[in-house]
Amino acid sequence: MNNKLSTRDFSMVISLLIIWAIFTILSPTFVSSRNLSMLMIEFSIIAILALGMFLVILPGHIDLSVGSGVGLFGGIASVLVFQYSWAAPLAMFVSLILAIITWWLMGMLVVKQKIPAFIITLGGLLIFKGSFWLVIQNSTIPVVKGGNVNLYSLLTTYYLPAYVSYTLCLLVIGGVAYRKIVSRNQRKQYGFTVENVEVSFMKVFVTAQAILLFVLVSNEYRGVPLPIVILATLATLVYILTQHTKFGRYLYAVGSNEKAAFISGIPVEKLVIMSFATMGAIVALTGFMQTAYAGSSTTTIGNLMELDAIAACVIGGTSLKGGRGNVMGVLFGALIMVSLLNGMTLLAISPEIKFIARGTVLTLAVWMDVRLAND
Amino acid sequence: MGTLNFSAKNIIKKFPGVVALAGVDFELRAGEIHSICGENGAGKSTLIKILSGIHPNNSYEGKLYLGDESLELFSLKDAEKAGITVIYQELALIEEMTVAENIFLGREPTRNGIIDWHKIYSESQQLLNQFQIDIDPTACLGELGVGQQQLVEIVKALGKKSRILILDEPTSALTEKEVKVLLVILKKLRNEGISCVYISHKLDEVFAVSDRITVLRDGRSIATLDADKTSRGEVIHCMVGREIDNLFPRNKTSLGKTLLKVSNLNVTNRKKEVLKNICFEVKAGEVLGIGGLMGSGRSELLLHIFGAWGKRSSGTVEVQGEPLEKHTPAQSIKKGLVLVSEDRKIYGLIIEKDIGFNLSLSSLDMFSGLFLLDSQREFVENDKFFRSLKVKAPNLESIVENLSGGNQQKVVLGKALMTDPKIIFLDEPTRGIDVGAKLEVYELINQLTEKGYAVVMVSSELPELLGMSDRIIMLCEGRVGGTFVNENLEQEQLMSAAMEEN
């Protein structure tokens, strides 16, 4: 709703550029089209999980169990496909439903039994991790039998043909420009402050350039990866959900002031359960993608992903107290997080240092959140 | 040490973009009680901050004088050294410590590095005796009522040899009885030669205690009046800059059918009985006032009927003939019942969001299709209430936190009215808002009853109850202490029902 660019937005873009510059200098392969394509797939996976986390943090809760959940529900689908020879779509559907039910139950416990989400999901983290290792029996379960492809494996290995990418690209740019014009006219009609035509034009122009550049670079390698399309669809949905629906308004209201929201007639309990159930669906989706990206379900899938998702939200300006944040911020936060991880892997930085770096970034982001909240 | 005149001459204080004080003269004579009145935003709190050194000497124009000498204050500490102490609404006391420990907090007398407990208790007792305050210095502060805690704070200031006290809204949390005690003590202090600046919204108290009254408006001192030669009308006139002939403009309307009926209601909270055997009904076009002392269950009654508090052990609530039971606020709103809470910051507003967000929050169903909100229709409806309630703000995108108390209250009222209710619960609808905004709230109540709404208003101010209600219920310890038709009623009758002295 607020169209002003804050110092925070700027600092996000600038730190992203700095990170990219440093990695490019240290390791020129960072900007190779092959690495960028991989970076985009990794980014899609983390960003999708972070969008789910955003929907849980917005009403003032937290979910520590998503990393284990990613492993577990990816693993269940793998086992159904590989060991029980189920069709991939059916296996994924069943796993998805199980995840939604599980998260719905956790939401119920948070709301009805008044157990803090922190504790419920910390329990979930351990329970899901144990269940995950039981389900795959500490072995490696491929997502598809013997070198074939199925819907499951295609999730992260399918690339769009060039002409489809260009068509989509044009549609998206047209859509963005159209939305901008409509919203400008509406704001004018309402008597709200409207930004300069030049600023609006520049925003649309830069967005269009970025999208086009991305498609061009992707087509240098194998094309636009499917995960990016999934992410774009989900991000648009979450954006509409949070900005243009009753549900989204309520999420912000409950996160800002739960008591006032309750007195205003908002069904607070139902809302929180719904946001957890949505998280469940997103955990399953992330689980399929992460597992497909690795090629098979192994015990390390999803490890510590909950922290990357939380970090992405917080870096992107989502308040851990709830009530503040937006989709664009979360996407940027995820991109920063993933660029760091990917760059460090390229530089062959040891896992010890990678842990320390991840922890430092998370801490800095929360510190910034606290500082900004006090200003 | 004698008390000196304390004065401020031609004070001008500017903040970035705002002139908070545009020329204020104020003189506190030795041994007088001098009240400062003004609407919210008139500059009272800025003036206090200057008088107490919180805004340091060089941050404003104009000068302070103590006696004939100019006084430069750079901090609260400087002010305390000059014998000036401010007592705020939120008390700076520690509940776990005894009264005497609190009185000597921060300046404990020691002997060889060890606290001299004997001195603390004997000197505290002496101070309390001197001003004839009946509090045991060995009592734990937390066991005292708010009124007595306030007295402890005053004694603490006197213990520091303060000769000038500045009291900022000291009675907002006190019961009527405690207010009386406080005012008596202040008069005693005056006789001892201690001067006092008294800031309050409540004109009754101002007139009961003051020697003189200075009125601020828009950052200027408009007038300094002798309390015994002026009238409430004149003070209000100075405050708002226009004449208000009738403070309570209640227009009676003809009554319709019964909209809300409460019978034999018993409510418990945490297994404790809070509301006992409550019966009443409200008709369309009627204002029912609910009064009672703090803790009598006024707000709890409204909250329970609205579905937000307590567990019903027996009794019924009927809204337009339909029973309400085990319901949530959301269900109440659907049935045409809405509540405006007494604490708008905690229970009313999403303070960091804009006006539009808040106005439509309870009515989003109205603008919601299958999935999407119709922002066009939402804007039209928001704009309607924004204009009709005359919210003073640039537009609907202004953040609620930056509005004055009165305008915030209008936003909460607008949110409630947009749900198209039949019955409106108003819990202390005019708390903490200025005279002008109060009048607008009262006029809104009149409009609502004319349109056939039923209004239930809880208020702790008896003049407001008498001024705006058609009938009044006084609660006493969770029971109905008395029901009155508001004709030739006296405050005393209501008070005795609230305390069940009849």
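Residues numbered from 1 in each chain as written. Chains lettered and ligands numbered in written order. Predicted model: local features only at pLDDT ≥ 70, side-chain atom pairs only at ≥ 80, totals over all residues.

*Asks:* What am I meant to see in the overall build of chain B here?
*Replies:* In terms of helices and strands, chain B carries 18 helices and 22 strands. A globule of 502 residues ought to have a C-alpha radius of gyration of about 23 Å, and chain B, at 25 Å, matches this closely. For the C-alpha atoms alone, the extent of chain B along its principal axes is close to 70 × 50 × 50 Å. A total of 502 residues make up chain B; the buried ones form 43% of that total. (Helix = DSSP H or I, 4+ residues; strand = E, 2+ residues; numbered from the N terminus. Rg over C-alpha atoms; globule rule 2.2 N^0.38 Å. Buried ≥ 20, exposed ≤ 12 C-beta atoms within 10 Å, placed from the backbone.)

*Asks:* Would you mind going over the overall build of chain A with me for this structure?
*Replies:* When helices and strands are counted, chain A shows 15 helices and two strands. Over its C-alpha atoms chain A spans a radius of gyration of 21 Å, differing by no more than 12% from the 21 Å that the globule rule assigns to 375 residues. Overall, chain A is about 60 × 55 × 40 Å in size when its C-alpha atoms are taken along their principal axes. For chain A, buried positions account for 43% of its 375 residues. Put simply, of all contacts in chain A between residues at least 6 apart along the chain, 78% involve residues at least 24 apart. (Contact = placed C-beta atoms within 7 Å.)

*Asks:* How should the environment of B:Ala223 be read in this particular structure?
*Replies:* All names here are of chain B. Tracing the backbone through its elements, the reader meets Ala223 in strand β12 (residues 220–226). Residues Ala223 and Leu91, spaced 132 residues apart in sequence, show a C-alpha to C-alpha distance of 31 Å. Residues within four places of Ala223 in sequence aside, it is in contact with Val215 and Cys238.

*Asks:* Would you take a moment to explain the confidence of the model for chain A for this structure?
*Replies:* Low pLDDT means the predicted atomic positions in that stretch should not be read closely. Residue-level pLDDT values for chain A average 92, and 97% of them are 70 or greater. Here helix α15 (residues 351–374) of chain A is the element of chain A with the lowest mean pLDDT, 83, and helix α12 (residues 268–294) of chain A is the one with the highest, 97. (pLDDT = per-residue confidence, 0-100.)

*Asks:* Looking at this structure, I do not really get helix α9 (residues 226–244) of chain A. What am I missing?
*Replies:* Because the α-helix completes a turn every 3.6 residues, residues three or four places apart line up on one side. Residue and element names in this part refer to chain A. Taking 1.5 Å of rise per residue, 19 residues should cover 27 Å, and α9 covers 27 Å from first to last C-alpha, within 8% of that figure. All buried positions along α9 are accounted for by Pro227, Ile228, Leu231, Val238 and Thr242. With its buried residues spanning 95 degrees around the axis, α9 presents them on a single face. Counted as exposed and oriented over 90 degrees from the buried face of α9: Thr233 and Leu237. (Expected span 1.5 Å × (residues − 1). Arc of directions from axis to C-beta.)

*Asks:* Got a minute to help me understand the domain arrangement of chain A in this structure?
*Replies:* By a frequent convention, interface size equals the accessible area lost on bringing the separate parts together. All names here are of chain A. Domains assigned within chain A are domain 1 (7–158 + 237–374) and domain 2 (159–224). Of note, the centres of domain 1 and domain 2, computed from C-alpha atoms alone, are 26 Å apart. In this assembly, five residues from domain 1 lie in contact with six residues from domain 2. Grouping the constituent residues of the side of domain 1 that touches domain 2 by class yields two nonpolar, two polar and one charged. (Domains from an automatic or database assignment. Nonpolar A, V, L, I, M, F, W, Y, C, P; charged D, E, K, R; others polar.)

*Asks:* What should I look at first to understand helix α7 (residues 162–190) of chain A in this one?
*Replies:* The end-to-end C-alpha separation of α7(A) is 42 Å, in line with the 42 Å expected for 29 residues at 1.5 Å each. Just downstream of α7(A), A:Gly191 is the residue with a positive phi angle, here 80 degrees.

*Asks:* Could you clarify how one ought to interpret the nonpolar core in this entry?
*Replies:* Soluble globular proteins tend to bury their nonpolar side chains together. In this structure, A:Ile46, A:Leu49, A:Ala50, A:Ala312 and A:Ala334 are the most contacted members of the largest nonpolar core, which totals 174 residues. Element by element, the count of residues in this core is highest for helix α2 (residues 33–57) of chain A, at 16 residues. Once residues lying within four places of it in the same chain are set aside, the contact partners of A:Ile46 are A:Asp308, A:Ala309, A:Ala312, A:Ala334, A:Met337 and A:Val338. Membership of the second largest hydrophobic core comes to 58 residues, among which are B:Cys37, B:Val86, B:Ile154 and B:Leu174. (Core = buried A, V, L, I, M, F, W, Y, C linked by C-beta atoms within 7 Å.)

*Asks:* Honestly, unusual backbone geometry in this entry has me stumped. Any pointers?
*Replies:* For residues that are not glycine, phi is negative in most cases, and the peptide bond is trans in most cases. All names here are of chain B. With a phi close to 45 degrees, Lys326 is a non-glycine residue in the positive phi region. Relative to the helices and strands, Lys326 is located in the loop between β17 (322–323) and α10 (329–334). By C-beta crowding, Lys326 is classed as exposed, having 8 other C-beta atoms within 10 Å. Its identity is not glycine, yet Glu477 carries a phi of approximately 50 degrees, on the positive side. Relative to the assigned elements, Glu477 resides in the loop between β21 (471–476) and β22 (479–485).

*Asks:* It is not clear to me how the packing of helix α10 (residues 246–256) of chain A against α12(A) should be interpreted in this structure. Could you clarify?
*Replies:* Helix packing for two helices is described by the angle between their axes and how far apart those axes are. All names here are of chain A. Viewed as axis vectors pointing N to C, α10 and α12 meet at an angle of 110 degrees, and their least axial separation amounts to 10 Å. Taken together, the axes of α10 and α12 lie roughly perpendicular to each other. Side by side, α10 and α12 meet where Tyr250, Leu251 and Val254 of the first sit next to Val268, Leu271 and Ser275 of the second. (Axes fitted to C-alpha atoms, helices over the stretch in contact; angles between N-to-C directions. Parallel < 35°, antiparallel > 145°, perpendicular 65-115°, else oblique.)

*Asks:* Is there a simple way to think about the domain arrangement of chain B in this case?
*Replies:* All names here are of chain B. Each assigned domain of chain B is listed with its residue range as follows: domain 1 (4–240) and domain 2 (258–499). When each unit is reduced to the centre of its C-alpha atoms, the spacing between domain 1 and domain 2 is 34 Å. At the interface, seven residues of domain 1 touch nine residues of domain 2.

*Asks:* Would you mind showing me how to read the sheet that holds strand β15 (residues 287–292) of chain B here?
*Replies:* Strands pair in a sheet through their backbones, by hydrogen bonds, and they do so in one of two ways: parallel or antiparallel. Residue and element names in this part refer to chain B. The strand order across the open sheet formed by six strands is β18-β19-β20-β15-β21-β22, and the pairing between neighbours is mixed. The sheet is open, and its two borders are formed by β18 (337–340) and β22, each paired with just one other strand. Within the sheet, the average angular offset between the axes of one strand and its neighbour, ignoring direction, is 20 degrees. As paired strands, β15 and strand β20 (residues 454–458) are joined by four bridges and run parallel to one another. The partner of Leu288 across the bridge, within β20, is Val456. Strands β15, β21 and β22 of the sheet are contacted by helix α18 (residues 491–499), whose axis makes an angle of about 35 degrees with β21. (Pairing = 2+ DSSP bridges.)

*Asks:* I tried to follow the sheet that holds strand β16 (residues 311–319) of chain B on my own but got confused; where do I start?
*Replies:* Residue and element names in this part refer to chain B. The strand order across the open sheet built from four strands is β14-β13-β16-β17, with neighbouring strands paired in antiparallel fashion. Two strands lie at the open edges of the sheet, namely β14 (272–283) and β17, each paired on one side alone. Two strands pair when backbone bridges link them, and strand β13 (residues 258–269) and β14 are joined in this way by eight bridges, in the antiparallel orientation. Within the sheet, the bridge partner assigned to Val262 lies in β14 and is Phe280.

*Asks:* Explain the interface of chain B and chain A to me, please; I cannot follow it from the model alone.
*Replies:* The interface of chain B with chain A comprises 27 residues on the first partner and 21 residues on the second. Looking at the side of chain B that touches chain A, the elements that each hand over two or more residues are α10 and α11 (344–348) of chain B. Residues of the side of chain B that touches chain A, tallied by class, amount to 16 nonpolar, six polar and five charged.

*Asks:* Is there a simple way to think about the environment of B:Gly142 in this case?
*Replies:* With respect to the helices and strands, the residue B:Gly142 is situated in the loop between α4 (117–130) and α5 (146–159). C-alpha of B:Gly142 to C-alpha of B:Glu96: the two residues are 46 residues apart in sequence and 6.1 Å apart in space.

*Asks:* Explain the pairing of strand β19 (residues 423–427) of chain B here, please?
*Replies:* For a regular strand, side chains alternate in direction, first toward one face of the sheet and then toward the other. Residues and elements named next belong to chain B. Most of β19 is tucked away, with five of its five residues classed as buried. Burial of β19 is two-sided: the residues Ile423, Phe425 and Asp427 facing one way and the residues Ile424 and Leu426 facing the other way are all buried. Direction of pairing for β18 relative to β19: parallel, over a ladder of four bridges. Pairing of Leu339 across the sheet is with Phe425, part of β19.

*Asks:* Teacher, can you tell me more about the confidence of the model for chain B here?
*Replies:* For chain B, the average pLDDT comes to 87, and 97% of its residues sit at 70 or higher. The ipTM, which scores confidence in the relative placement of chains, is 0.88 for this predicted complex, and the corresponding pTM is 0.79.

*Asks:* Help me understand the environment of B:Val400 in this model?
*Replies:* Residues and elements named next belong to chain B. Note that Val400 resides in the loop between α14 (375–388) and α15 (405–418). Along the sequence, Val400 and Pro137 sit 263 residues apart, while their C-alpha atoms lie 44 Å from each other. Not counting residues up to four positions away in its chain, the partners in contact with Val400 are Leu349, Ile351, Lys353, Asp354, Ile355, Asn358, Gln408 and Val411.

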